[in-house]
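Listed below are the residues making up each chain.
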Amino acid sequence: MPHLPVMLAEVLDGLAIRPGDDVIDGTLGDGGHAAAILEQTAPDGRLLGIDLDPDARAAAAERLQRFGTRIVIAAGNYADMAQFAGEHGFRDVAGIVLDIGIRSGQFEESGRGFSFLRDEPLDMRFAPDAETTAAEIVNGQSESDLTRLLREYGEERHALAIAKAIVRRRRKQTILTSVQLVDVIASAIPTGYRRAKLHFATRTFQALRIAVNGELGNLERGLTAAMTLLRPHGRVAVISFHSLEDRIVKRTFQRWAQAGRATIITKKPLTATQQEIKTNPRSRSAKLRVAEKTT
């Protein structure tokens, strides 16, 4: 089942793109946002889609093949979008969209340990050839570094207890799978925390994924690149799924506005409608912010 594009109508409205416009989708995924953008910019608008994940690029290529040469797919990180834009002749960019969430297929089909509900190797790399895996972090970092990682990237209240449990367990056995890690987390937290609405392993897995893929740094670099690539009155739309990402987007847009470089279109972040949440539960935590370049 293809990944459903989150807040699609709101993204299209926020970008305010027209026929003939060139657009960059820095987080192509399965191509849901890209397909709608290409339809809106027909007959001759182009889209540059960037993604680290080869499975995502393959799915998008199949979904978007009907657009022919109007779609260009690049293998890489959206933080490097300026490089890809130069290579493919995207010099007058009207809109840029970044959907910072993890695609459904990565949870359900990748086999890389993103989900705490499956027994898979603790990998968590978006790009299979990236240097560091989650297993290397879990088994290699010190207790203090693990605690800091879980607190900063996972906002995990039991970070110290979980880090201590990880270090104890790995002395006896290397932690190599998602199920092994879930078992360690469960052993470290209070019983009531295990019964909370949010799965008790969510924040730890989030923290490891962010660390493995350098997600927060990439977001900052990607936003900087977006500002340089947009033409005057071009817009950037960013969908984030947790407070760390949203805070970076909010503060970056505020800095741009204060410097007179951009106008913030969304004074408050937009969220998904109740109807969308029913059909696509993943959209529940999504926040959309849009800014327009002034000069």
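Residues numbered from 1 in each chain as written. Predicted model: local features only at pLDDT ≥ 70, side-chain atom pairs only at ≥ 80, totals over all residues. Heavy atoms only, no water.

A. Region of the structure containing the overall build of the chain. Secondary structure assignment for the chain yields 14 helices and 7 strands. Compactness check: the chain gives a C-alpha radius of gyration of 20 Å against a globular reference of 19 Å for 295 residues, within 12% of the reference. Principal-axis analysis of the C-alpha atoms gives the chain an extent of 60 × 40 × 35 Å. Taken across its 295 residues, the chain has 54% of its residues classed as buried. Taking contacts inside the chain between residues at least 6 apart in sequence as the whole, the part at least 24 apart equals 70%. (Helix = DSSP H or I, 4+ residues; strand = E, 2+ residues; numbered from the N terminus. Rg over C-alpha atoms; globule rule 2.2 N^0.38 Å. Buried < 20%, exposed > 50% of the residue type's maximum accessible area, 1.4 Å probe, protein only. Contact = heavy atoms within 4.5 Å.)

B. Expanded view of the packing of helix H9 (residues 178-188) against helix H11 (residues 202-213). The geometry of H9 relative to H11 is characterised by a closest axis approach of 10 Å and an angle of 130° between their N-to-C directions. Here H9 is positioned oblique relative to H11, judged by the angle of their axes. Where H9 crosses over H11, the two elements pack in a sense that is right-handed. Counted together, Ser178, Leu181, Val182 and Ile185 of H9 and Thr204, Phe205 and Leu208 of H11 form the full contact between these two elements. Partitioning the contact of H9 with H11 into residue classes produces 5 nonpolar, 2 polar and no charged. (Axes fitted to C-alpha atoms, helices over the stretch in contact; angles between N-to-C directions. Parallel < 35°, antiparallel > 145°, perpendicular 65-115°, else oblique. Left-handed = near helix turned anticlockwise from the far one by under 90°. Nonpolar A, V, L, I, M, F, W, Y, C, P; charged D, E, K, R; others polar.)

C. Quick look at a positive patch on the surface. On the surface, Lys250, Arg251, Arg255 and Lys287 cluster together to form a positively charged patch. At 3 residues, helix H13 (residues 243-258) tops the list of elements feeding residues into the positive patch. Here Lys287 shows up in strand S7 (residues 287-293). Accessibility expressed as a relative area gives 33% for Lys287, which makes it partly exposed. (Patch = residues over 30% accessible without salt bridge, like charges linked within 9 Å, V, L, I, M, F, W, Y side chains within 5 Å. Areas by Shrake-Rupley, 256 points an atom, 1.4 Å probe, with all protein chains shown as cover. Salt bridge = Lys/Arg side-chain N within 4 Å of Asp/Glu carboxyl O. Lys, Arg positive; Asp, Glu negative; His and termini not counted. Charge placed at Lys NZ, Arg CZ, Asp CG, Glu CD.)

D. Broad picture of the pattern of salt bridges. One pass over the full model with this rule turns up 14 salt bridges. Linking Asp21 and Arg231 is a salt bridge whose minimum nitrogen-to-oxygen distance equals 3.0 Å. A residue pair is termed long-range when its members are at least 10 positions apart, and Asp21 in the loop between helix H1 (8-15) and strand S1 (22-25) and Arg231 in strand S5 (residues 230-240) qualify at 210 residues. With a closest N to O distance of 3.4 Å, Asp92 and Arg231 form a salt bridge. Of this pair, Asp92 sits in the loop between helix H4 (81-87) and strand S4 (93-99) while Arg231 is found in strand S5, placing the two residues 139 residues apart along the sequence. Overlapping salt bridges bring together Asp21, Asp92 and Arg231 as one network.

E. Quick look at the packing of helix H7 (residues 143-154) against helix H8 (residues 159-172). Interaxial distance between H7 and H8 falls to 8 Å at its minimum, and their mutual angle equals 140°. Taken together, the axis directions place H7 and H8 in an arrangement best described as oblique. The handedness of the crossing between H7 and H8 comes out as right-handed. Note on element contacts: H8 touches H7 through Ala159, Leu160, Ile162, Ala163, Lys164, Ile166, Val167 and Arg170, opposite Glu143, Leu146, Thr147, Leu150 and Arg151.

F. Geometry of the side chain of Asp22. In this structure, Asp22 sits in strand S1. Here Asp22 falls in the buried class, since its relative accessible area comes to 13%. Polar contacts involving the side chain of Asp22 include one to the main-chain amide nitrogen of Arg46, which spans 3.1 Å. Here Asp22 is in contact with Gly45, Arg46, Phe90, Asp92, Val93, Ala94 and Gly95, once residues within four sequence places are set aside. (Polar contact = N/O pair within 3.5 Å; in protein donor to acceptor, adjacent residues only side chain to side chain.)

G. Inspection of the packing of aromatic side chains at higher detail. Counted by the stated rule, this structure contains 3 aromatic pairs. Geometrically, the ring pair formed by Phe116 and Phe205 is edge-to-face, given 5.6 Å between the ring centres and 85° between the ring planes. Placement of the pair is Phe116 in the loop between helix H5 (104-108) and helix H6 (134-140) and Phe205 in helix H11, with a sequence separation of 89 residues. Here Arg46 stacks its cationic end above the ring of Phe90, 4.0 Å away from the centre of that ring. (Phe/Tyr/Trp six-rings, centres within 6.5 Å; stacked < 30°, edge-to-face > 60°. Lys NZ or Arg CZ within 6 Å of the ring centre and 35° of its normal.)

H. Structural context of the sheet that holds strand S2 (residues 47-51). Spatial ordering of the open sheet is given by S3-S2-S1-S4-S5-S7-S6, a layout of 7 strands whose pairing is mixed. Only two strands of the sheet have a single partner each, and these edge strands are strand S3 (71-75) and strand S6 (262-264). Adjacent strand axes in the sheet meet at a mean angle of 15°, parallel and antiparallel pairs treated alike. As paired elements, S4 and S5 share 6 bridges and run parallel to each other. What sits directly across from Gly95, in S5, is Arg235. Packing of H1 onto the sheet brings it into contact with S4, S5 and S7, and relative to S5 it is tilted by some 160°. Contacts from helix H12 (residues 215-229) reach S1, S4, S5, S6 and S7, with the element oriented near 155° to S5. (Pairing = 2+ DSSP bridges.)

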